[in-house]
Amino acid sequence: MAGRGRGAEEGGETTAGVSERLMFAHAISAEAAPVSVPELHPPAELRPSGDGAIQPVSPTATIGRIRKQLGRASLPALHRSIGTAAATELDRGIGFLLVPVFLAAGVIYYFSLSAEPDLYRPLAAVALMAVCAAVSRSWRRTHLTLMAALLCALGFLAAKVETWRMATPMLGSEIQTRLTGRLVVAEAMANGRVRLTIDLISTQHPKLRYAPDRVRLSARRIPPDMTAGSMLTGYAKLLPPTGPVRPESYDFSFDSYFSGIGGSGFFLGDPKLIAPTPATPTEAPFGARVASAVENAREGIADHIRSAIGGSEGEIAAALIVGVRAGIPEAINESMRRTGIYHIISISGLHMALVAGTIMVLLRGAFALFPDFSSRRPVKKYAAAIALISIAAYLVISGIVVAAERSFIMLAVMLVAVLFDRAALTMRNLAISAVAVILVSPHEVVGPSFQMSFAATAALVGAYAGFADYRAGKTTSPPAKRSFLGFVSRKLAVGVGGAAITSLIAGSATLLFAIWHFQRVSPLSLLANLAVMPIVSLIVMPFAVLSALAMPFGFDGPFLYVMGKGLTAMIAISAWISERSPVDAVGLISIQSVLLATIALVIATMATTWLRLAAVPFALAALLAIPHVRTPDVLISEDAHLVAMPIGGGELAINRERSNDFTTDNWKRALKAEQIVPPETFAKGALDIANPVDLPTGSPFYCIGDLCIGRHPSGAIVALAETRDSARAACGFADLIVINDATAYNPCRDPRVLVVTKRQLARDGSAAVFFDPQSATARPAISYAVQEPYRPWHEQRKYAREARGLPPYKKPEKADFKPAPAQ
């Protein structure tokens with residue numbers, strides 16, 4: 001496996017590594033050499049005398065020579081040096097490496113727009129840029145600039161076309177109805193419930209005029225004979241897709257839109273099986289029947305693995321082999337997140353590479369048993385072709401999730417490169433993979449999975465290619481003979497050192513992306529990866545492949561047993577390190593720091609000349625820009641049900657005894673809080689709120705009836721009311737009032753009081769409030785997660801009853817809850 005810039009030529013069984021960069025040594029003429037590089041001379045401190053003897057040179061002469069060299073570094077010379085280096089980079093193919101960068105820039109620009117553009121605009125831009133780029137081929141710099149603009153326009157167009165193509169119908173408002181549909185996926189969760197993905201066929205009582213095509217619901221239990229493709233019915237509560245839990249956080253509506261999920265919710269009773277086959281009431285499409293067959297096979301394999309291994313190890317094994325991970329206990333998930341090894345659970349490039357590597361090792365070992373055949377045939381290509389088929393089957397059986405699909409494209413490009421006698425792991429192949437992913441699923445560009453996986457892979461390929469080029473330019477003597485113990489010790493040290501460097505490079509490249517998306521880092525991730533990755537690479541995944549190969553013949557038991565023991569060790573190590581890991585919440589960082597770090601990463605990994613030094617100022621600027629973000633003083637959920645306020649000392653005060661765990665966890669990490677402080681509830685008359693300004697700063701929420709009051713450390717008073725009438729009493733002292741009533745309007749006449757109603761939150765999403773530390777009488781500032789005009793994945797918000805100022809639906813009569821009898 002060659003690094004970036006390193007090719008491989010196969011002749012028989014001999015593989016020669018060639019540094020591609022050495023082929024371009026003629027690209028730099030002596031006249032245009034960078035002035036910062038001095039001419040070749042004998043060492044400055046040693047000069048030959050007239051008789052040939054070496055004489056030391058005085059320090060004064062040395063200093064004078066250095067001054068002379070520095071004096072040559074004029075601005076025109078520097079300009080020529082930059083031009084020469086840039087020309088060298090272009091000759092070495094950096095233009096192709098930048099293709100996915102400019103495509104991604106266009107995609108990001110599209111998704112960052114505040115309003116949805118028309119389709120004809122990007123089409124016109126692409127046509128115009130294409131014509132201009134074709135006309136300007138005689139002017140190289142202009143042509144390159146226009147080509148970059150064309151690629152940005154193509155990325156923009158690809159994102160627009162994907163949005164137009166998806167057109168997912170989204171549920172606009174919460175409602176209870178009886179639905180009939182076809183089961184797509186059934187996943188058993190760790191809490192005992194079952195998560196169902198259903199293609200809707202019809203709804204009744206009431207009949208939805210704008211029903212979504214696909215929903216995801218949970219149920220307490222399902223009939224044992226209900227499988228993918230089965231027809232089912234049941235009374236369910238449907239909820240529209242939720243938006244971000246706070247401004248600038250992950251948008252679940254966005255994910256639902258591009259996943260084709262138009263609503264979520266839960267069954268109010270157990271769903272009933274109404275037909276054993278998908279023949280009635282409508283015939284399932286051929287694609288749906290194939291998908292159902294694959295899903296049933298996945299569930300059968302997952303059940304077999306769980307029964308063979310058992311416990312949490314069985315759930316993780318099922319996740320690694322067939323991608324079914326809903327049953328993994330949350331405690332194990334959290335410990336793996338805290339230790340930075342959760343990437344092991346998600347089927348991605350690591351798993352694809354280990355599967356392909358295991359297959360190739362087994363096949364190459366098998367071919368080695370037949371030396372006559374191996375010497376006449378390209379067995380390496382045979383092994384690569386079979387490995388490609390194997391990872392394609394692995395992709396299908398794992399559910400074709402986005403992360404696995406992206407990893408398959410990356411690895412498939414590398415295996416095809418082996419088939420055509422090209423270096424497998426190069427930046428060019430990585431660029432091809434990125435282009436394929438961007439054109440197939442442009443929305444993935446703005447997600448954490450795409451950003452972190454490609455950042456880590458690019459950093460690793462670039463770092464090891466640079467190291468390979470460094471070693472290629474050095475003459476090394478044959479290694480000294482060592483004893484067997486010394487040989488094993490050296491190999492072990494090299495392996496551990498390589499694993500540590502790999503983890504350090506990948507962790508550094510993805511650090512800011514992880515902080516931006518998750519507001520957390522894993523302080524002990526290096527230790528955890530060093531301890532766990534050998535187990536995963538040498539025991540878990542190889543024996544997972546062997547068990548999959550032996551499963552059709554019924555001989556998978558021993559392999560699954562060994563795999564389960566490896567997972568037991570992995571879980572124990574993760575739990576031990578997690579218990580000793582410090583708090584991983586790091587708060588918010590600025591988006592500018594992420595963008596600057598991305599530019600630095602692109603330059604550092606793609607440049608091959610001294611121009612890569614340009615990454616240094618961008619990296620330093622990224623570090624300096626990290627704290628340039630304002631932390632919210634109050635966070636409000638989009639349903640006006642939950643409000644959080646940091647009160648100092650690492651404590652976060654909330655207004656509900658029972659709250660959404662996901663939302664509070666996200667808020668804790670964003671606000672760097674360690675402990676949740678629930679409200680204190682008093683009976684009427686038990687707490688005197690006639691003078692709330694006497695509350696000490698940093699007070700949690702005190703609730704009396706329909707009104708809760710808390711005080712921020714800045715002195716601002718926050719009031720939470722259930723109705724407009726109860727909110728009116730807080731107009732005289734509160735700086736912020738949140739009313740959990742969609743029919744209410746502002747009851748306060750004082751413009752300095754910020755009033756947020758349920759209707760406003762239903763339209764604009766969750767909110768972040770900022771108090772003015774310089775003025776206690778200034779009106780607080782507020783930022784919402786969603787802005788109008790809506791993008792397609794937010795269009796459903798304007799149809800919500802709360803957004804229209806209407807009260808929620810009344811619950812139907814009990815007679816409507818009777819489930820339909822099974823047919």
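Just so it is clear, the structure is predicted and the values come from calculations on it, not from any experiment.

Describing the overall build of the chain
Along the chain, the regular secondary structure elements total 24 helices and 22 strands. In the chain, which comprises 823 residues, the share counted as buried stands at 45%. At a minimum sequence separation of 6, the contacts of the chain that also span at least 24 residues come to 66%. Of the roughly 41700 Å² of accessible surface on the chain, a fraction of 63% belongs to carbon and sulfur atoms.

Regarding the pattern of salt bridges
Per the stated rule, a full pass over the model turns up 20 salt bridges. The residue Glu-174 makes a salt bridge to Lys-237 at a minimum N-O spacing of 3.0 Å. Of this pair, Glu-174 sits in the loop between helix 6 (140-166) and strand 5 (175-188) while Lys-237 sits in strand 8 (residues 231-239), placing them 63 residues apart in sequence. For Glu-174, a relative accessible area of 37% puts it in the partly exposed group. Of the charged contacts in the structure, one is a salt bridge between Glu-315 and Arg-306, with a shortest N-O distance of 3.2 Å. Residue Glu-315 is classed as buried on the basis of its relative accessible area, which comes to 17%. On the basis of relative accessibility, which here comes to 17%, the residue Arg-306 falls in the buried class.

So, the sheet that holds strand 12 (residues 643-648)
One key point about sheets: their strands pair by backbone hydrogen bonds, in either a parallel or an antiparallel sense. Spatially, 14-13-12-11-21-22 is the arrangement adopted by the six strands of the open sheet, whose pairing is mixed. In the strand order of this sheet, the two ends are held by strand 14 (675-677) and strand 22 (781-784), each with one partner. Neighbour-to-neighbour, the strand axes of the sheet open up by a mean angle of 25°, direction not taken into account. The strands touched by helix 22 (residues 661-670) within the sheet are strand 11 (634-636), strand 12, strand 13 (651-654) and strand 14, with strand 14 carrying the most contacts at an inclination of about 115°.

Points about the sheet that holds strand 17 (residues 707-711)
Strand order in this open sheet of six strands is 15-16-17-18-19-20, and the pairing throughout is mixed. Whereas interior strands pair on both sides, the edge strands pair on one side only; in this sheet they are strand 15 (680-682) and strand 20 (754-757). Going across the sheet, the axis of each strand differs from the next one's by a mean of 20°, ignoring polarity. Pairing of strand 16 (residues 699-704) with strand 17, which is carried by four bridges, proceeds in the antiparallel orientation. In the strand pairing of strand 17, Tyr-702 is matched with Ile-709.

Remarks on empty space enclosed by the protein
By the definition in use, this model includes one cavity of 30 Å³ or more. Here the largest cavity defines a volume of roughly 50 Å³. If you trace the largest cavity, you find it lined by Val-402, Glu-405, Arg-406, Ile-409, Val-437, Val-440, Ser-441 and Glu-444. Among the secondary structure elements, those contributing two or more residues to the lining of the largest cavity are helix 14 (402-419) and helix 15 (427-440). The leading source of residues in the lining of the largest cavity is helix 14, at four residues. Across the lining of the largest cavity, the residue classes break down as four nonpolar, one polar and three charged.

Brief notes about a nonpolar patch on the surface
A surface patch of nonpolar side chains, about 780 Å² in accessible area, is lined by Leu-75, Leu-78, Ile-82, Trp-610, Leu-613, Val-616, Leu-620 and Leu-623. Listing elements by their share of the nonpolar patch, those giving two or more residues are helix 2 (75-91) and helix 21 (615-625). By the element assignment, Leu-78 lies in helix 2. The partly exposed category is assigned to Leu-78, whose relative accessible area is 41%.

Considering the packing of helix 9 (residues 311-322) against helix 19 (residues 557-580)
Interaxial distance between helix 9 and helix 19 falls to 9 Å at its minimum, and their mutual angle equals 110°. In terms of their interaxial angle, helix 9 and helix 19 are classed as roughly perpendicular. Residues Ser-312, Glu-313, Ile-316, Ala-317, Leu-320 and Ile-321 of helix 9 form the contact with helix 19, whose own contacting residues are Leu-560, Met-563, Gly-564, Leu-567, Thr-568, Met-570 and Ile-571. A breakdown of the residues in the contact of helix 9 with helix 19 according to their chemical character gives nine nonpolar, three polar and one charged.

A look at the side chain of Glu-162
Looking at where Glu-162 falls in the secondary structure, it is placed in helix 6. With no salt bridge to any partner, buried Glu-162 finds its closest opposite charge in Arg-165, at an N-O distance of 4.3 Å. Not counting residues within four places of it along the chain, the set of residues in contact with Glu-162 comprises Phe-258, Val-440, Ser-441, Pro-442 and His-443.

What about the packing of aromatic side chains?
The full count for this structure, using the stated rule, is 19 aromatic pairs. Ring geometry for Tyr-250 and Phe-252: centres 5.3 Å apart, planes at 80°, overall edge-to-face. Accessibility expressed as a relative area gives 26% for Phe-252, which makes it partly exposed. Three or more aromatic residues joined by ring pairs form one cluster here, namely Tyr-109, Tyr-110, Phe-111, Phe-156, Phe-254, Tyr-257, Phe-258 and Trp-793. When the ring centre of Tyr-342 is taken as reference, the NZ or CZ atom of Arg-337 above it lies at 4.8 Å. One cation-aromatic arrangement involves Arg-791 over Tyr-110; the distance from NZ or CZ to the ring centre is 4.8 Å.

Let's talk about helix 10 (residues 330-338)
Residues Ile-332, Asn-333, Ser-335, Met-336 and Arg-338 constitute the buried set of helix 10. On its buried side, helix 10 packs onto helix 9 and helix 19.

Here's the deal with the state of the cysteines
Two cysteines form a disulfide when their sulfur atoms are joined by a covalent bond. Tallied over the full model, the rule gives two disulfides. Between Cys-731 and Cys-748 runs a disulfide, and the two sulfur atoms are separated by 1.9 Å. Between Cys-731 and Cys-748, the S-S torsion sits near -80°, and that sign places the bridge as left-handed. Taken together, the positions of Cys-731 in the loop between helix 23 (724-728) and strand 19 (736-739) and Cys-748 in the loop between strand 19 and strand 20 put the pair 17 residues apart, joining distant regions of the chain. The pair Cys-731 / Cys-748 is uniform in exposure class, with both members buried. Here the chain pairs its bonded cysteines, counted in sequence order, in the arrangement 1-2, 3-4.

Section: the packing of helix 4 (residues 99-111) against helix 15
At a minimum axis distance of 9 Å, the contact between helix 4 and helix 15 shows a crossing angle of 25°. Taken as axis vectors, helix 4 and helix 15 run roughly parallel relative to one another. Note on packing geometry: the crossing formed by helix 4 with helix 15 is left-handed. Seen from helix 4, the contacting residues are Val-99, Pro-100, Leu-103, Ala-104 and Val-107; seen from helix 15, they are Ala-431, Ala-434, Val-435 and Ile-438. Residue classes in the contact of helix 4 with helix 15 are distributed as nine nonpolar, no polar and no charged.

Conventions we followed
- Residues numbered from 1 in each chain as written.
- Predicted model: local features only at pLDDT ≥ 70, side-chain atom pairs only at ≥ 80, totals over all residues.
- Heavy atoms only, no water.
- Helix = DSSP H or I, 4+ residues; strand = E, 2+ residues; numbered from the N terminus.
- Buried < 20%, exposed > 50% of the residue type's maximum accessible area, 1.4 Å probe, protein only.
- Contact = heavy atoms within 4.5 Å.
- Areas by Shrake-Rupley, 256 points an atom, 1.4 Å probe, with all protein chains shown as cover.
- Salt bridge = Lys/Arg side-chain N within 4 Å of Asp/Glu carboxyl O.
- Pairing = 2+ DSSP bridges.
- Axes fitted to C-alpha atoms, helices over the stretch in contact; angles between N-to-C directions.
- 1 Å grid on protein atoms, 1.4 Å probe; cavity = no way out; pocket = protein on both sides within 12 Å on 5 of 7 lines; lining within 4 Å.
- Points joined across faces, edges and corners; volume = space filled by probe spheres on them.
- Nonpolar A, V, L, I, M, F, W, Y, C, P; charged D, E, K, R; others polar.
- Patch = residues over 30% accessible without salt bridge, like charges linked within 9 Å, V, L, I, M, F, W, Y side chains within 5 Å.
- Parallel < 35°, antiparallel > 145°, perpendicular 65-115°, else oblique.
- Lys, Arg positive; Asp, Glu negative; His and termini not counted.
- Phe/Tyr/Trp six-rings, centres within 6.5 Å; stacked < 30°, edge-to-face > 60°.
- Lys NZ or Arg CZ within 6 Å of the ring centre and 35° of its normal.
- Disulfide = S-S within 2.5 Å.
- Left-handed = near helix turned anticlockwise from the far one by under 90°.

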